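# A look at the structure
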2 protein chains.
Amino acid sequence: MEYLVNGVLTSHLPCGDRAIQYGDGLFETIAVCNGRIEFWQRHMQRLAAGCERLAIPAPDATQLLAEARTLLKGDNGVLKIIISRGQGGRGYRPATLAETQPTRMLACYPWPDHPAANLTQGVVLRYCTTHTTLNPALAGIKHLNRLEQVLARGEWHDSAIAEGVMSDMNGNIIEGTMSNLFFVRAGQLHTPDLSNSGVAGIIRAVIMELAGRLSLPLQCQCYSRDDLESADEIFVTNSVIGIWPVCQIEKRSYPLGEITHQLLDGLNNRRLQKGEHESV
Amino acid sequence: MEYLVNGVLTSHLPCGDRAIQYGDGLFETIAVCNGRIEFWQRHMQRLAAGCERLAIPAPDATQLLAEARTLLKGDNGVLKIIISRGQGGRGYRPATLAETQPTRMLACYPWPDHPAANLTQGVVLRYCTTHTTLNPALAGIKHLNRLEQVLARGEWHDSAIAEGVMSDMNGNIIEGTMSNLFFVRAGQLHTPDLSNSGVAGIIRAVIMELAGRLSLPLQCQCYSRDDLESADEIFVTNSVIGIWPVCQIEKRSYPLGEITHQLLDGLNNRRLQKGEHESV
């Protein structure tokens, strides 16, 4: 497979890159759908925020877009962008911001063949035993330290289970292994607070905005498994899947509800709206 | 710089390696001193324990030793070994253990030129604001998700400060950015419990054994900053530095005490002892 590393088509990265040595960087996973690079600006804003948090110089979004366009082969796919702190010697100490020469790495993957029923009939979730890590310095951003997701996703092999719910070690539910978590209870929308743990997804932010436009009351705080289980509707989100309604968590079933459908319609409109996206 | 990747001298790693994508792997940093590859067996045991935790097939230690010997150019240096889950497609899901083909990557760095006074006069420490992450699934092992250490080490540029003390977000002191932490109080040796956070170092384990042989009472539990500050002696350890006595943490000074010296003598004896090490 070919990657675009600092503008050069290659299949290899220098061994001294700090992405390899320490997971010292960030990434974005972007849906490319019917010729639209979806929510490009939002992805670039999150990437820049992550770079600021890690003291890595933010990439030039115009250059990244140009590079993405040279790499994209068709109208549909998944664009992955990695930004690392670049090469360095042994030792954790990062170069100063002025001295840092980040690595940018782009790849385009085929659109995943998730079952269409995930959207129409909902998906089955399980609970993971692997916890999300607690660290306010790393929470919210999409950094490259993703062992917790790898271990959690390795917990099951049953293809009937689409996603796993992860909690932190204090028992707060945080997110799915590859998605954010929402639930509706008594007409109110809820999503876990991610100040100490978890990745704040792009679609999560869009859904939170949509809730405001639909005058749907939204709460974002700490929740237990009991809170989730007493929900009327549950759904998960990410940039590639959009929204998947949840029909079951372990033994308990949930209806595909009205509010989930409203938000799904709202999201689909936003995915078609001009101004939010870039063309391939 | 040249690395040995799966037995081949190269400077590059395939972009699809999961070390790059997720920090999905482990590493060891091993002192090579006067022709001895120090505590080889212990490093291999920790690496195997880490592989078991991450469900990565453990490398063949005999093969790794043979590869290390082809790479080592002299009698002194720092050998770094990285084991990753190998190549994979997009997505967190790891291959099954049977399908996993790990990547092994070896590098030899020059011996670092730390000031000799670090050992004879002690070092100055500071407190870091970046927390260690809390996650029992990842605590103790030397995995590649090391952003917390990178951020913590990036907090200071004053070369008079040798190391930073990190705490978890519950206020428990855990370790240094690149070292483990010990302190002596009222004739008792203490080191933080690493069940939920931190890296369990090889020298830390040797020191804990030495304490037993010296009939020095040892406690390993949760400690606050106050516990550390009320210590009679403090020292930090890692495989390259061995022991550095601590003479100062921020404004507070500490004597280089008797027990630290006993443990330093004990460690030096172990570094010379036959059977513990491999030759280059």
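Residues numbered from 1 in each chain as written. Chains lettered and ligands numbered in written order. Predicted model: local features only at pLDDT ≥ 70, side-chain atom pairs only at ≥ 80, totals over all residues.

### A few points about the pairing of strand β15 (residues 242-249) of chain B
All names here are of chain B. What counts, and what does not: Counting other C-beta atoms within 10 Å of each residue's C-beta, where C-beta atoms are placed from the backbone, gives the exposure class: buried for 20 or more, exposed for 12 or fewer, partly exposed between. The helix and strand labels rest on DSSP assignments: H or I over at least four residues marks a helix, E over at least two residues marks a strand, and numbering proceeds from the N terminus. Strands were regarded as paired on the criterion that DSSP finds at least two bridges between them.
For β15, the buried fraction is high: six of the eight residues fall into the buried class. Note that strand β14 (residues 233-238) and β15 share four bridges and pair antiparallel. Bridge pairing in β15 links Asn238 to Gly242. Linkage of β14 to β15, two consecutive antiparallel strands, is achieved through a turn of three residues. Where β15 and strand β16 (residues 252-253) come together, two bridges link them in antiparallel fashion. Bridge pairing links Ile249 to Arg252 in β16.

### Thoughts on the domain arrangement of chain A
Residues and elements named next belong to chain A. We apply this condition: Segment limits for the domains were obtained from an automatic or database-derived domain assignment. It is the C-beta atoms, placed from the backbone, that decide contacts: two residues are in contact if theirs lie within 7 Å. When residues are sorted by character, Ala, Val, Leu, Ile, Met, Phe, Trp, Tyr, Cys and Pro go into the nonpolar class, Asp, Glu, Lys and Arg into the charged class, and all the rest, Gly among them, into the polar class.
Domain annotation for chain A reports domain 1 (3-109) and domain 2 (117-272). Centre-to-centre separation of domain 1 and domain 2, based on C-alpha positions: 25 Å. Contacts between the two partners involve 20 residues from domain 1, matched on the other side by 10 residues from domain 2. Elements supplying a minimum of two residues to the side of domain 1 that touches domain 2: β4 (25-33) and α2 (40-54). The element best represented in the side of domain 1 that touches domain 2 is β4, accounting for eight residues. Grouping the amino acids of the side of domain 1 that touches domain 2 by side-chain chemistry returns 10 nonpolar, five polar and five charged.

### Side note on the interface of chain B and chain A
Contacts between chain B and chain A engage 47 residues on the former and 47 residues on the latter. Within the residue set of the side of chain B that touches chain A, elements represented by two or more residues are β1 (3-5), β3 (12-14), α1 (18-22), β6 (77-84), β7 (103-109) and α5 (147-153) of chain B. Tallying contributions element by element places α5 of chain B first for the side of chain B that touches chain A, with six residues. When its residues are assigned to classes, the side of chain B that touches chain A shows 26 nonpolar, 14 polar and seven charged. Pairing between strand β3 (residues 12-14) of chain A and β3 of chain B: three bridges, direction antiparallel. Bridge assignment links His12 of chain A to a residue of β3 of chain B, and that residue is Pro14 of chain B.

### As for the sheet that holds β7 of chain B
Residue and element names in this part refer to chain B. What counts here: The convention used is that axes are lines fitted to C-alpha atoms, helices contributing only their stretch in contact, and that angles between N-to-C directions extend from 0 to 180 degrees.
Overall, antiparallel pairing links the seven strands, which are arranged β2-β1-β7-β6-β4-β5-β17 in an open sheet. Of all strands in the sheet, those bounded by a partner on one side alone are β2 (8-10) and β17 (278-279). Bridge analysis of strand β5 (residues 36-37) against β17 gives two bridges, and the strand direction is antiparallel. The partner of Arg36 across the bridge, within β17, is Ser279. Across the sheet, helix α2 (residues 40-54) is in contact with β4 (25-33), β5, β6 and β17; its angle to β4 comes to roughly 175°.

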